[in-house]
Amino acid sequence: MNVARVKVPATTANLGPGFDCLGIALQLANIVTVRRGDPSGRNAMAAAAAKAYFRRSNGKAFPFQWEITGAVPRSRGLGSSVTVRLGLLHGLNALSGSPLDAAEIFGLCAELEGHPDNAAPAAFGGFTIARPGAPLQRFPVNRTLQFVLLIPDFEMLTAEARKVIPDAIPFRDAVRSAANASAIAAAFAARDYALLEGAFDDWFHQPYRQQLLPFLPKVIAAGRKAGALGGWLSGSGSTIACATLANPERIAAAMMAAAGGRTAQIQIVRADNAGVRISTSRS
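A. Here's a closer look at the overall build of the chain. Broken down by element type, the chain carries nine helices and 10 strands. For the chain, whose C-alpha radius of gyration is 19 Å, the value lies close to the compact-globule estimate of 19 Å for 283 residues. Summarising its shape, the C-alpha atoms of the chain cover approximately 55 × 40 × 35 Å along the three principal directions. A buried classification covers 51% of the 283 residues belonging to the chain.

In structure tokens form, the structure reads like this:
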């Protein structure tokens, strides 16, 4: 085969207190097309992914071209970098005869990302719990749960958003956040989503990152008042997400109003339980 097309879902990670470990795949996706042939230019992320892939697979490197299309906005906290890396890794793997399995490719993507919380749900779909050195835990998400995404018209870089998080936080804040992260995991495992109400409150990173996104608490509060189970900063932002079992349009309107007239778009989506999908062809 000469061409591989890889559909990779967007993801929302952290879910408030589940910092660097919890994530959900969403029904919003990018498609990465990889084909054999001389590249038309050089991209640092693509070059690093290819180098890591061929080193890990012990395969002979070959020249390739790639392109990406789709609906996942760049640097908005929806896993756009994972769609690139995971799409390239799976595409190169398919064109190489698939020497690596899905778990190995996920691990390689997580290494390139520096954290597994987006890579895990993008790779396997559903709600995932990813811990370094431990087996991945995955749970499908029912269609009854919907996600309202407020996507501002500006980017937030993960590296910059990490700089504002202190090296230490108060003990009480850590305990409250850990308790909520545990409650989120239990609710998704049981598929009892009513238990999510109030569980997205976080003291690990959001209180510090709101200096970069001052309207964050107002948007979350407005979503909850309109009926959402709760809300969170998606990844490192700038997207703000709310989860709901009913009335997503009303919640969307409340979130947009609370953003104070800032330019943003709204997406209402469900979870993607499939993860990466791959197709190949000769041309």
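B. Here's a closer look at the side chain of Asn-180. For Asn-180, the position within the fold is in helix H6 (residues 171-190). Using a relative accessible area of 14% as the deciding quantity, one classes Asn-180 as buried. Sequence-distant contacts of Asn-180, defined by excluding residues within four places in its chain, comprise Pro-17, Gly-198, Ala-199, Asp-201 and Trp-203.

C. Highlighting helix H9 (residues 248-258). Residues Pro-248, Ile-251, Ala-252, Met-255 and Ala-258 constitute the buried set of H9. Across the axial projection of H9, the buried residues extend over an arc of 130 degrees, all falling on one side. Of the residues in H9, the exposed ones pointing more than 90 degrees away from the buried face are Glu-249 and Ala-257. Summarising the contacts, the buried residues of H9 are in contact with strand E6 (146-152), helix H8 (216-225), strand E8 (240-244) and strand E9 (264-270). Just downstream of H9 lies Gly-260, where phi reads positive at about 70 degrees.

D. Just the layout of surface pockets, in detail. When its volume is computed, the largest pocket comes out at roughly 680 Å³. In terms of lining, the largest pocket is formed by 35 residues, of which the most central are Met-45, Ser-75, Ser-80, Ser-81 and Thr-158. Looking at the lining of the largest pocket, the elements with two or more residues in it are strand E3 (64-70), helix H2 (80-95), helix H3 (102-113) and helix H5 (158-163). It is H2 that provides the largest number of residues to the lining of the largest pocket, a total of five residues. Split into classes, the residues belonging to the lining of the largest pocket amount to 11 nonpolar, 15 polar and nine charged. There is about 280 Å³ of room inside the second largest pocket.

E. Structural context of the pattern of salt bridges. Counted by the stated rule, this structure contains seven salt bridges. With its nearest N and O atoms 2.4 Å apart, the salt bridge here joins Glu-113 to Arg-85. In this pair, Glu-113 is assigned in helix H3 and Arg-85 in helix H2, connecting sequence segments 28 residues apart. Assessed through its relative accessible area of 14%, Glu-113 is described here as buried. Accessibility expressed as a relative area gives 16% for Arg-85, which makes it buried.

F. Molecular detail of the environment of Pro-73. With respect to the helices and strands, the residue Pro-73 is situated in the loop between E3 and H2. Taking relative accessible area as the criterion, Pro-73 reaches 17% and is therefore assigned buried.

G. Just the sheet that holds E6, in detail. Pairing is antiparallel in the open sheet, where four strands are placed in the order E7-E8-E6-E9. The open sheet has two free edges, formed respectively by strand E7 (230-233) and E9, since each of these has just one partner strand. Strand-to-strand, the axes of this sheet are offset by a mean angle of 20 degrees, without reference to chain direction. Taken together, the seven bridges between E6 and E9 define a ladder with antiparallel strand orientation. For Leu-150, the partnering residue across the bridge sits in E9 and is Ile-266.

H. Inspection of the side chain of His-205 at higher detail. For His-205, the position within the fold is in the loop between H6 and helix H7 (206-209). In this structure, His-205 is in contact with Asn-14, Gly-16, Phe-19, Ile-165 and Gly-235, ignoring residues within four places of it in sequence.

I. Region of the structure containing the packing of H8 against H9. Two elements in contact, H8 and H9, have axes whose closest approach is 8 Å; the angle formed by their N-to-C orientations is 155 degrees. In terms of axis orientation, H8 runs roughly antiparallel to H9. Once H8 is placed against H9, the crossing between them reads as right-handed. Of the residues in H9, those in contact with Lys-218, Val-219, Ala-222 and Gly-223 of H8 are Ile-251, Ala-254, Met-255 and Ala-258. Residue composition of the contact of H8 with H9, grouped by class: six nonpolar, one polar and one charged.

Definitions and cut-offs
Residues numbered from 1 in each chain as written. Predicted model: local features only at pLDDT ≥ 70, side-chain atom pairs only at ≥ 80, totals over all residues. Heavy atoms only, no water. Helix = DSSP H or I, 4+ residues; strand = E, 2+ residues; numbered from the N terminus. Rg over C-alpha atoms; globule rule 2.2 N^0.38 Å. Buried < 20%, exposed > 50% of the residue type's maximum accessible area, 1.4 Å probe, protein only. Contact = heavy atoms within 4.5 Å. Arc of directions from axis to C-beta. 1 Å grid on protein atoms, 1.4 Å probe; cavity = no way out; pocket = protein on both sides within 12 Å on 5 of 7 lines; lining within 4 Å. Points joined across faces, edges and corners; volume = space filled by probe spheres on them. Nonpolar A, V, L, I, M, F, W, Y, C, P; charged D, E, K, R; others polar. Salt bridge = Lys/Arg side-chain N within 4 Å of Asp/Glu carboxyl O. Pairing = 2+ DSSP bridges. Axes fitted to C-alpha atoms, helices over the stretch in contact; angles between N-to-C directions. Parallel < 35°, antiparallel > 145°, perpendicular 65-115°, else oblique. Left-handed = near helix turned anticlockwise from the far one by under 90°.

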